[in-house]
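Each chain, written out:
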Amino acid sequence: MAATSLLSLDNPVFKSFVMYAGVVIVKTMSMSLMTAVQRFRYTAFANQEDVPPSAKDKDGARMKARVEQAVERVRRCHLNDLENVIPFVLVGLLYVSTGPSLSSALLRFRLFAGSRLFHTVAYLIPIPQPARAASFFIGLLTTLSMAYSAMSAVDFAL
């Protein structure tokens, strides 16, 4: 396939990448909304100015900003997504530009997307370890394998 068409929707590998990258990006973005929902559910805001004036404690005074573990769990899950999805998208573009086979690319894209979706479920329910760790490492190793494949395709000399 010509280099100019590798990053085109005419390329089935790129088309698949767009779909799977889109899924994990939207999932990552949804974690911001989930954090906001948890903050309102538990009336747990990070900054005092974010606390609604109507939020009162048991003594009737305006509530103070506070940390709530249910909110922090969602935030940690979101942070983990940011640490993994951004590299996947960047490495994925490099990987797609090397012209991998569709079957190899689909396997990697599906493994990564599935591992991130399961990671979120395992984090938020929570499912006991090693479920979350296993899903994290599946996603990490998948991204690393794409990086290795992309770098191996380059004839690099210092």
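Every residue gets a number counted from 1 within its own chain, in the order that chain's sequence is written. Where totals are concerned, whole chains, interfaces and linings use all residues; where local detail is concerned, this predicted model gives features only for residues with pLDDT of at least 70, and gives and counts side-chain atom pairs only at 80 or more. Note that the side-chain values use all heavy atoms of the structure and ignore hydrogens as well as water.

Undergrad: Explanation requested: the nonpolar core in the structure shown.
TA: Inside soluble globular proteins, nonpolar side chains tend to come together where they are buried. The biggest cluster of nonpolar side chains holds 17 residues, and the ones touching the most others in it are Phe17, Val24, Phe88, Val89, Val96, Phe109 and Met146. Those elements giving two or more residues to this core turn out to be helix 1 (12–42), helix 2 (69–96), helix 3 (102–124) and helix 4 (131–152). Strands here are runs of E lasting at least two residues and helices are runs of H or I lasting at least four, both read from the DSSP assignment and numbered beginning at the N terminus. Broken down by element, this core gets its largest block of residues, six residues, from helix 2. With residues up to four places along the chain from it excluded, the contact list for Phe17 reads Gly22, Phe88, Val89, Gly92, Leu93, Val96 and Phe109. As used in this record, nonpolar core signifies buried Ala, Val, Leu, Ile, Met, Phe, Trp, Tyr and Cys residues forming a set joined through side-chain atoms within 4.5 Å. Relative accessible area decides the class of each residue, using a 1.4 Å probe on protein chains only: under 20% of the type maximum gives buried, over 50% gives exposed, and in between gives partly exposed. What makes two residues a contact is simply this: any of their non-hydrogen atoms within 4.5 Å.

Undergrad: Which parts of the structure should I look at to understand the packing of aromatic side chains?
TA: The description of an aromatic ring pair uses the distance of the two centres, along with the angle that the planes make with each other. For Phe, Tyr and Trp, rings pair up if their centres lie within 6.5 Å, where Trp contributes its six-membered ring, and each pair is then called stacked (planes under 30 degrees apart), edge-to-face (over 60) or tilted (otherwise). Summed over all chains, the structure comprises seven aromatic pairs. Between the aromatic rings of Phe88 and Phe109, the centroid separation amounts to 6.3 Å while the plane-to-plane angle is 85°, which identifies the pairing as edge-to-face. Of this pair, Phe88 sits in helix 2 while Phe109 sits in helix 3, placing them 21 residues apart in sequence. Summarising the burial analysis for this pair, Phe88 and Phe109 share the class buried. Summarising the aromatic geometry, the rings of Tyr95 and Phe109 are spaced 6.2 Å apart at their centres and angled 85° between planes, so their arrangement reads as edge-to-face. Here the residue Tyr95 occupies a position in helix 2, and Phe109 occupies one in helix 3, the gap between them amounting to 14 residues. Aromatic rings pair up to connect Phe17, Phe88, Tyr95, Phe109 and Phe112 into one cluster. Placement of a charge over a ring requires the Lys NZ or Arg CZ to be within 6 Å of the ring centre, with the centre-to-atom vector within 35 degrees of the ring normal. The lysine or arginine in question, Arg132, covers the ring of Tyr123, its NZ or CZ lying 4.1 Å from the ring centre.

Undergrad: Is there a simple way to think about the pattern of salt bridges in this case?
TA: A pair can form between side chains of opposite charge whenever their charged atoms are brought close. In what follows, salt bridge is the name for a side-chain nitrogen of Lys or Arg lying within 4 Å of a carboxyl oxygen of Asp or Glu. Under the definition given, this model contains four salt bridges. Several salt bridges share partner residues, and in doing so they unite Lys27, Asp81 and Arg116 into one network.

Undergrad: It is not clear to me how the environment of Arg76 should be interpreted in this structure. Could you clarify?
TA: With respect to the helices and strands, the residue Arg76 is situated in helix 2. Note on Arg76: relative accessible area 34%, which makes it partly exposed. A C-alpha to C-alpha distance of 8.8 Å links Arg76 and Tyr123, two positions 47 residues apart in sequence. Side-chain polar atoms of Arg76 contact the side chain of Tyr123, separated by 3.3 Å. Here a polar contact is taken to be a pair of N or O atoms separated by no more than 3.5 Å, where protein atoms must pair a possible hydrogen donor with a possible acceptor and residues adjacent in sequence count only if both atoms sit in side chains.

Undergrad: Looking at this structure, I do not really get helix 1. What am I missing?
TA: Since one α-helical turn is 3.6 residues long, residues separated by three or four positions face the same way. Multiply 1.5 Å by the residue count of a helix minus one, and that product is the helix's expected span. Here helix 1 is 31 residues long and its end C-alpha atoms lie 45 Å apart, about the 45 Å a rise of 1.5 Å per residue gives. When we look at burial in helix 1, the residues that qualify are Val13, Phe14, Ser16, Phe17, Ala21, Val24, Lys27, Thr28, Met31, Thr35, Gln38 and Arg39. Looking at the buried side of helix 1, the elements it contacts are helix 2 and helix 3. Among the residues of helix 1, the N-terminal cap falls to Asn11, whose side-chain oxygen and the backbone nitrogen of Val13 are separated by 2.9 Å. Of the residues trailing helix 1, Thr43 is marked for its positive phi of about 45°.

Undergrad: Would you mind showing me how to read the side chain of Thr35 here?
TA: Looking at where Thr35 falls in the secondary structure, it is placed in helix 1. By relative accessible area, which is 10% here, Thr35 ends up buried. Once you skip the residues sitting within four places of it in the chain, Thr35 turns out to touch Val71, Val74 and Arg75.

Undergrad: How do you make sense of unusual backbone geometry when you look at a structure like this?
TA: Most peptide bonds adopt trans geometry, and most residues besides glycine take a negative phi value. The step from Ile125 to Pro126 runs through a cis peptide bond, and the omega angle for that step is -15°. Mapped onto the elements of the fold, Pro126 is located in the loop between helix 3 and helix 4. Along the chain, Gln129 connects to Pro130 via a cis peptide bond; the corresponding omega equals 15°. Relative to the assigned elements, Pro130 resides in the loop between helix 3 and helix 4.

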